[in-house]
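# What the coordinates show
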Amino acid sequence: MSSQVYRSASRTVRALLSASQSSPLLSGRTLAAATITTLGGKVLSVPSFYERADYKNSTRGRISGVLAVPAAAYMLQGQEASAAEPERTFIAIKPDGVQRGLIAEIISRFERKGYKLVAVKLVVPSKEFAQKHYHDLKDRPFFDGLCDFLSSGPVLAMVWEGEGAIKYGRKLIGATDPQKSEPGTIRGDLAVVVGRNIIHGSDGPETAKDEIALWFEPSELVSYTSNAEKWLYGGN
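Residues numbered from 1 in each chain as written. Predicted model: local features only at pLDDT ≥ 70, side-chain atom pairs only at ≥ 80, totals over all residues. Heavy atoms only, no water.

In the annotation of an unreviewed UniProt entry, the protein chain is listed under the name Nucleoside diphosphate kinase and assigned to Phoenix dactylifera.

Take a look at the structure:
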């Protein structure tokens, strides 16, 4: 969920706080209920202490409500800070994709989607490095051949940034087997067999974090604001 939602919720909480200070009709229970917000399927609410408070006395209710609203606002601000962190995914064009001259084609698909390139380099990984990259497949019979192939030539390693970059990046890539990939995906359009499927993409947040750390030093990752972002995400 975008940070705009949290900013909107925070504004609502601040408005309720202002109203509670001027109107005796807004009881603490009303304010506490109003500060409950559903965020990404999870319910964010004020501490149960305030929910159990005695609201029969309107004065006490207003005091408890005034305490509850800043508490909720503080919680929302924390959620907003977390939501503001950009999502990054690791994408690599394998030796077959590089040798076939598909670098520009593949990069353009991520750019047209609206994702931002924050790291890129062309490397020839060693067999040992390839084994680290595919460590989760070490018990598979094809592991050795997979590592031989990844280390057989130049690989274009990249980090892309944007909302939903991990999940949708996988959709852009397509199924592991090009024969099962939908037309319009990178593998569906540009690859034929699973052993030469031209591209790799992180399959989840933890994998993305580990793969980025394996392929790039922190100093190689660039943080910047793209001029296109206001047209991609907006602020209204």
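From this point, the narrative continues.
## Remarks on the sheet that holds strand β5 (residues 155-161)
Two pairing modes exist for strands in a sheet, parallel and antiparallel, and in both the strands are linked by backbone hydrogen bonds. The criterion, for reference: Strand pairing follows a simple DSSP-based rule, namely that at least 2 bridges must link the two strands. Helix and strand assignments come from DSSP, with helices taken as H or I runs of at least 4 residues and strands as E runs of at least 2, each series counted from the N terminus. Here the axes come from fitting lines to C-alpha atoms, over the contacting stretch only for helices, and the angles between their N-to-C directions go from 0 to 180 degrees. Throughout, a residue-residue contact means that at least one pair of heavy atoms, one from each residue, lies within 4.5 Å.
Ordered by their spatial adjacency, 4 strands build an open sheet running β4-β5-β3-β6, and the pairing between neighbours is antiparallel. Edge positions in the sheet fall to β4 (116-123) and β6 (199-201), since each has one partner strand and no second. Across the sheet, the axes of successive neighbouring strands diverge by a mean angle of 15°, strand direction being ignored. Pairing analysis gives 7 bridges linking β4 to β5, with the strands arranged antiparallel. Among the inter-strand pairings, A119 is bridged to a residue of β5, identified as V159. Lying over the sheet, helix α11 (residues 205-215) contacts β3 (88-93), β4, β5 and β6, oriented at roughly 60° with respect to β3.

## Let's talk about helix α6 (residues 103-113)
For clarity, the threshold we go by: The cut-offs for exposure are 20% and 50% of the maximum accessible area for each residue type, with area from a 1.4 Å probe on protein chains only; residues under the lower value are buried, those over the upper are exposed, and the others partly exposed.
The complete set of buried residues in α6 reads I106, I107, S108, R109 and F110. In this structure, the buried residues of α6 make contact with β3, β5, α9 (165-173), α10 (186-190) and β6. Note on α6: the residue one or two positions beyond its end, G114, has a positive phi of about 120°.

## Observations concerning the packing of α6 against α9
Under the convention used in this document: Roughly parallel covers angles under 35 degrees, roughly antiparallel covers those over 145, roughly perpendicular covers 65 to 115, and oblique covers all other angles. By convention, the crossing between two helices is left-handed when the near helix turns anticlockwise from the far helix through less than a right angle, and right-handed when the turn is clockwise. Residue polarity follows a fixed list, in which Ala, Val, Leu, Ile, Met, Phe, Trp, Tyr, Cys and Pro are nonpolar, Asp, Glu, Lys and Arg are charged, and the others, Gly among them, are polar.
Close contact between α6 and α9 brings their axes to 11 Å; oriented N to C, the two are set at 135°. Taken together, the axis directions place α6 and α9 in an arrangement best described as oblique. Crossing angle aside, the handedness with which α6 passes α9 is right-handed. Together, R109, F110 and K113 of α6 and Y168, G169, L172 and I173 of α9 make up the contact between the two elements. Tallied by class, residues from the contact of α6 with α9 come to 4 nonpolar, 1 polar and 2 charged.

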